[in-house]
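Here is what each chain is made of, one letter per residue.
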Amino acid sequence: MTILPYALMICLGAVTVSMLLCLIRLITGPSIVDRLLALDTLFLNATCLIVILGIYWSSTFLFEEALLVAMLGFVSTAALARYFTTGHVID
């Protein structure tokens, strides 16, 4: 008997709770910086969730999707941070 499925289920629960807490901070954040950090952390948690599911389901396709979500999260966080600091994204 292997312990991997049990460990992955615990990880899945922990990431889900973390995503719910990030969603609460995204909705009720007192400042725009808190909301931006919550969005960035939500993208990171979504990437982790996809990787955990890829390991659990033994699917290599999900690792490519995790890479796409990570790239989208980085670009959107950088663009939003630039917009909030300067008022525009492109000079």
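Conventions and cut-offs
Residues numbered from 1 in each chain as written. Predicted model: local features only at pLDDT ≥ 70, side-chain atom pairs only at ≥ 80, totals over all residues. Heavy atoms only, no water. Patch = residues over 30% accessible without salt bridge, like charges linked within 9 Å, V, L, I, M, F, W, Y side chains within 5 Å. Areas by Shrake-Rupley, 256 points an atom, 1.4 Å probe, with all protein chains shown as cover. Salt bridge = Lys/Arg side-chain N within 4 Å of Asp/Glu carboxyl O. Helix = DSSP H or I, 4+ residues; strand = E, 2+ residues; numbered from the N terminus. pLDDT = per-residue confidence, 0-100. UniProt positions renumbered as here; feature names shortened; annotations may be inferred. Buried < 20%, exposed > 50% of the residue type's maximum accessible area, 1.4 Å probe, protein only. Axes fitted to C-alpha atoms, helices over the stretch in contact; angles between N-to-C directions. Parallel < 35°, antiparallel > 145°, perpendicular 65-115°, else oblique. Left-handed = near helix turned anticlockwise from the far one by under 90°. Nonpolar A, V, L, I, M, F, W, Y, C, P; charged D, E, K, R; others polar.

How would you explain a nonpolar patch on the surface if you had to name every residue and give the values?
On the surface, a cluster of nonpolar side chains totalling about 700 Å² of accessible area is made up of I32, V33, L37, Y83, F84, V89 and I90. Of all elements in the fold, only α2 (32-57) and α3 (61-86) reach the threshold of two or more residues within the nonpolar patch. Per element, the largest residue contribution to the nonpolar patch is three residues, and it comes from α2. Position of I32 among the secondary structure elements: in helix α2.

Could you give an account of the confidence of the model for the protein chain, with specific residues and numbers?
Per-residue pLDDT for the protein chain has a mean of 92; in total, 100% of the residues score no lower than 70. Within the protein chain, α3 has the poorest average pLDDT of any element, 92, and helix α1 (residues 4-28) the best, 95.

So, the UniProt feature "transmembrane region" (unreviewed entry) in the protein chain: which residues are in play, and what are the values?
UniProt annotation of "transmembrane region" (unreviewed entry) refers to residues 6-24, 36-59 and 65-85 when read in the numbering used here. Secondary structure across residues 6-24 divides into 100% helix and 0% strand, with the first and last C-alpha atoms of the span separated by 27 Å. Annotation note: span residues 65-85, helix share 100%, strand share 0%, distance between end C-alpha atoms 30 Å.

How would you summarise unusual backbone geometry if you had to cite specific residues and measurements?
In the Ramachandran plot, S58 falls in the positive-phi region, its phi being about 55° despite a non-glycine side chain. Checked against the element boundaries, S58 lands in the loop between α2 and α3. Residue classification places S58 among the exposed residues on the basis of a relative accessible area of 67%.

Provide a residue-level description of the packing of α1 against α2, including the pertinent values.
Contact pair α1 / α2: the axes reach a minimum separation of 9 Å and the direction vectors enclose 160°. Looking at the two axes, α1 sits roughly antiparallel to α2. In terms of crossing hand, the pair formed by α1 and α2 is left-handed. Here the contact of α1 with α2 is built from residues that sort into 21 nonpolar, five polar and three charged.

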